[in-house]
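# What the coordinates show
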Amino acid sequence: MVKAVAIITVSDSCFKDNSKDTSGPALLKFIEQHFPEANIHTIIVPDEKEIIERELKYFCDSHIDLVLTTGGTGLSPRDVTPEATKAVLHKEVPAIAVAMTIASLKKTPMAMLSRAVAGIRDRTLIINFPGSKKAVTECIEVVKPILGHGISLITNNLANVRIVHDKLQSDHTCSHMRNTNVDISKVALRPRQSPFPMLEMVEAFNIVDAVMMQWVERTETVSIEDSAGCVVAQDIIAREPMPPFPASVKDGYACLSLDGVGKRRVQAVVAAGDTPLSPLTRGQCARVNTGAPLPLGADCVVQVEDTKLIQASADNQTELEVEILVAPKPHQDVRPIGFDIPLGSLLVEKGDVIDAAKIGILAGAGYQEITVVEHPKVGIMSTGNELQEPSDSFLRPSHIRDSNRIMIKSLLKEHGFESIDCGIARDHPGELSHALENALAVCDVLVCTGGVSMGERDLLKPVLIKDFNATVHFGRVRMKPGKPSTFATCKYEGRTKFIFALPGNPVSAYVCCLLLVVRALRQCTRYSGEWARLGVKLARDITLDPRPEYARAQLSFPDIQDLPVATLLGNQCSSRLLSACGANVLLELPGATPECPMLPAGSVVPALLTGRIDLPRL
Ligand SMILES: Nc1nc2c(c(=O)[nH]1)N[C@H]1C(S)=C(S)[C@@H](COP(=O)(O)OP(=O)(O)OC[C@H]3O[C@@H](n4cnc5c(N)ncnc54)[C@H](O)[C@@H]3O)O[C@H]1N2
Ligand code: MOO
Ligand SMILES: [Mg+2]
């Protein structure tokens, strides 16, 4: 635990004008984010060795855990921070500065000119950082992993030290590499054309359908509460009629229809849930509520609106006599036994998809669990050296956050499929192979994104083929987005694994997940539905791409007598996921031909209904 941190900005100019200090605030922000429980002290001092030394000693003697300095580490005559630091250190920790230098050298050779030092004085860790905000931001990321542990060691916090040692031990025993048959050293020998034929969409669909037939259906018992979206594995029959007794449809009086209009003695009161005690005879009625059982002898209900009170008890708590004003017909306003659901009728048929209404029916019929087709276990994995966890506080230079994994997880969830997070795999054959092995061990269908195109670091296909003996059923499809979409199978621990390696571009991943993965998963669960296809009118002219394109669009309904109108959601570039935000259809645009390079506004094109249609409220 880091309890107290001091940040010392060493700079003559910042000392004169503290608004010039940008690297101190960068360190402050980092500490606030990563050690929110720590007390933080900040100070700006001039480039004066004695003053720096004095402040360092002051903070160390005040039992500060960590002192970070920024500035004064270069070669100019006034740069003396390292000298001042060395003067107060009891032990140097040179590897900290070395690690920062190595990382910085990857960005700029100027890193050679930093003379930063690090070490400990008593129970305080002191680290010098260069003076620029950029360098500070990069270097603090380098030391981030050791800060907590380093301070635990210095402050002799044995519990924390043990936790880190155990973790290191387990990381060590479970190596992140796997032996691989993929050699990436001879980049010059890589194929310059894709060896995978470019299939038409319809061919890809047919292949997915045919290959997924290998999936061996399994069933499982689930509680009805968890069954929404599941496909029912066997017919379910009503074991009880609904209603189980003749029930009133109205609040009124149960009567004998033979009696016609006229006065009746109110012989009983039957509310919903009550059991009528004695039968009705002619000239009698029973006050009943909606849903209450009819007494024996009654064959109709007269709603309260069609009656008149004739006599009540003195305290008005009991109705004694009423007059029926409208002659009832036999069975009027009565639901006979089994009216809604006859005993033995088919409640849900094998192959039906469970929805909220069916769950209600099953609950009403006394079913708590049902047998459904088990969903395959779906793993989701991202690949790419550039990817960081979306939750990371800082982006390293040239990095981006992994948006595909959570997007695909959410997309599958929208369509009824849960998934397992298989993390981010790096673009290195051994690491990728290791990550794939881990993922295949826990899932039946693996959805990866990235690393399937022509780059020398696009390793999915070679690793699948060479390390897992996978069959690639297709590796390129004539579609936009999604050209390098890949579908493969392999045997792992005796079972067939289905692998969708989708392109890394977020929109390509989104569209291919809808078109290929959802299709395959639906087939596994024996769900027979496909995306509904409807004709829509283009709101504006569209220039066609050479490849058939699945354009993301939103529908509007300006004229209910006419077809809906589709408006594209902005630039359709494969990296621009905003083009899928709010999309409810994928327009199936044909590939451009010399005769037809564009479609004018008003053209009718097919659209796959992949999202909800909710219109803005006026
Ligand atoms: N020489 C060629 N280059 C490319 C071709 C081609 O035919 N020849 N095809 C292009 C097409 S089309 C596509 S689509 C992409 C597909 O690339 P990869 O599947 O190999 O994916 P990456 O290279 O790993 O990444 C592409 C792009 O997407 C970003 N990305 C990747 N993963 C994620 C993620 N999890 N979250 C957010 N963004 C992600 C990545 O940073 C890249 O910008 O190849 C073209 N190149
Ligand atoms: O096929 Mo890519 O998905 O166009 O960008
Ligand atoms: Mg690539």
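Residues numbered from 1 in each chain as written. Chains lettered and ligands numbered in written order. Predicted model: local features only at pLDDT ≥ 70, side-chain atom pairs only at ≥ 80, totals over all residues. Heavy atoms only, no water.

### Topic: the environment of C230
So the rule is basically this: Helix and strand assignments come from DSSP, with helices taken as H or I runs of at least 4 residues and strands as E runs of at least 2, each series counted from the N terminus. In this analysis, two residues are considered to be in contact whenever any of their non-hydrogen atoms come within 4.5 Å of each other.
Looking at the element boundaries, C230 is found in the loop between β8 (219–223) and β9 (236–237). A C-alpha to C-alpha distance of 29 Å links C230 and E588, two positions 358 residues apart in sequence. Not counting residues within four places of it along the chain, the set of residues in contact with C230 comprises D352, V353, I354, V372 and H375.

### A short note on the coordination of the magnesium ion (ligand 3)
Threshold: Here the term donor refers to an N, O or S atom within 2.8 Å of the metal (or 3.2 Å for Na, K and Ca), and because water is left out of the atoms, sites may appear incomplete.
Protein coordination at the magnesium ion (ligand 3) comes from D458 (OD) and D458 (OD), with a distance range of 2.4 Å. Structurally, D458 can be placed in the loop between β24 (445–449) and α12 (460–468).

### A look at helix α10 (residues 404–414)
To keep it simple, the criterion reads: For each residue, the accessible area found with a 1.4 Å probe, counting protein chains only, is set against the maximum for its type, and the residue is called buried under 20%, exposed over 50%, and partly exposed in between. By construction, the arc corresponds to the directions joining the helix axis to the C-beta atoms.
Among the residues of α10, N404, R405, M407, I408, L411 and L412 are the ones counted as buried. One side of α10 carries all its buried residues, which in axial view fall inside an arc of 165°. Facing away from the buried side of α10 by over 90 degrees, the exposed positions are I406, K413 and E414. Residues of α10 that are buried make contact with β20 (378–383), β23 (420–425), β24, β28 (495–502) and α13 (506–524). G416 sits one or two positions beyond α10 and adopts a positive phi of about 95°.

### What to know about the packing of aromatic side chains
To be explicit about the condition: The aromatic pairing rule takes the rings of Phe, Tyr and Trp, using the six-membered ring of Trp, and pairs them if the centres are within 6.5 Å, calling planes under 30 degrees apart stacked, those over 60 edge-to-face and the rest tilted. In this scheme, Lys NZ or Arg CZ marks a charge over a ring once it lies within 6 Å of the ring centre and within 35 degrees of the ring normal.
According to the stated counting rule, one finds four aromatic pairs in the structure shown. Both rings, one in Y58 and one in F59, keep their centres 5.3 Å apart while their planes meet at 65°; by these two values the pair is edge-to-face. Residues F474 and F487 carry aromatic rings whose centres are separated by 5.8 Å and whose planes lie at 50° to one another, so their mutual orientation is tilted. In this pair, F474 sits in strand β25 (residues 471–474) while F487 sits in strand β27 (residues 486–492), placing the two residues 13 residues apart along the sequence. Both residues of the pair, F474 and F487, belong to the buried class. Ring pairs connect the aromatic residues F474, F487 and F500, which therefore count as one cluster. Across from the ring centre of W531, 4.3 Å away, lies the NZ or CZ of R522, which sits over that ring.

### Observations regarding the sheet that holds strand β32 (residues 565–568)
Note the cut-off: Paired strands are those between which DSSP finds at least two bridges. A fitted line through C-alpha atoms represents every axis, and for helices the fit uses only the stretch in contact; the resulting angles, taken between N-to-C directions, go from 0 to 180 degrees.
If you trace the five strands once around the closed barrel, you get β29-β32-β31-β33-β35, paired in mixed fashion. If you compare each strand with its neighbour and ignore which way they point, the axes differ by 55° on average. Sheet analysis places strand β29 (residues 532–538) next to strand β35 (residues 604–609), joined by six bridges and oriented antiparallel. When the bridges of β35 are listed, A532 appears paired with L609. Across the sheet, α13 touches β31 (549–556), β33 (585–589) and β35, and the angle it forms with β31 is around 80°.

### Remarks on the site of ligand 1
Quick reminder of the rule: Only a single heavy atom is needed: when it lies within 4 Å of a molecule or strand, its residue is near that molecule or strand. Any pair of nitrogen or oxygen atoms within 3.5 Å is treated as a polar contact; in protein, a donor-acceptor pairing is required on top of that, and neighbouring residues in sequence qualify only through side-chain atoms on both sides. The Shrake-Rupley method, run with a 1.4 Å probe, gives the accessible areas here. Residue values count only the displayed protein chains as cover. Residue polarity is assigned by list, with Asp, Glu, Lys and Arg as charged and Ala, Val, Leu, Ile, Met, Phe, Trp, Tyr, Cys and Pro as nonpolar; anything else, Gly included, falls into the polar class.
Taken together, 21 residues lie near ligand 1, and E386, D402, S453, K483 and G504 sit nearest. One nitrogen or oxygen atom from the side chain of D458 is found 3.0 Å from an oxygen atom belonging to ligand 1. At 3.0 Å from an oxygen atom of ligand 1 is found a main-chain nitrogen or oxygen belonging to G504. For ligand 1, whose accessible area on its own is 870 Å², the fraction buried by protein is 70%. Those elements that place two or more of their residues in the shell around ligand 1 are β22 (400–401) and α13. Grouping the constituent residues of the shell around ligand 1 by class yields seven nonpolar, nine polar and five charged.

### Focus: the environment of D235
Mapped onto the fold, D235 is located in the loop between β8 and β9. Residues D235 and L608, 373 residues apart in the sequence, show an inter-C-alpha distance of 31 Å. Residues contacting D235, with those up to four places away along its chain left out, are L346, V348, E349 and K350.

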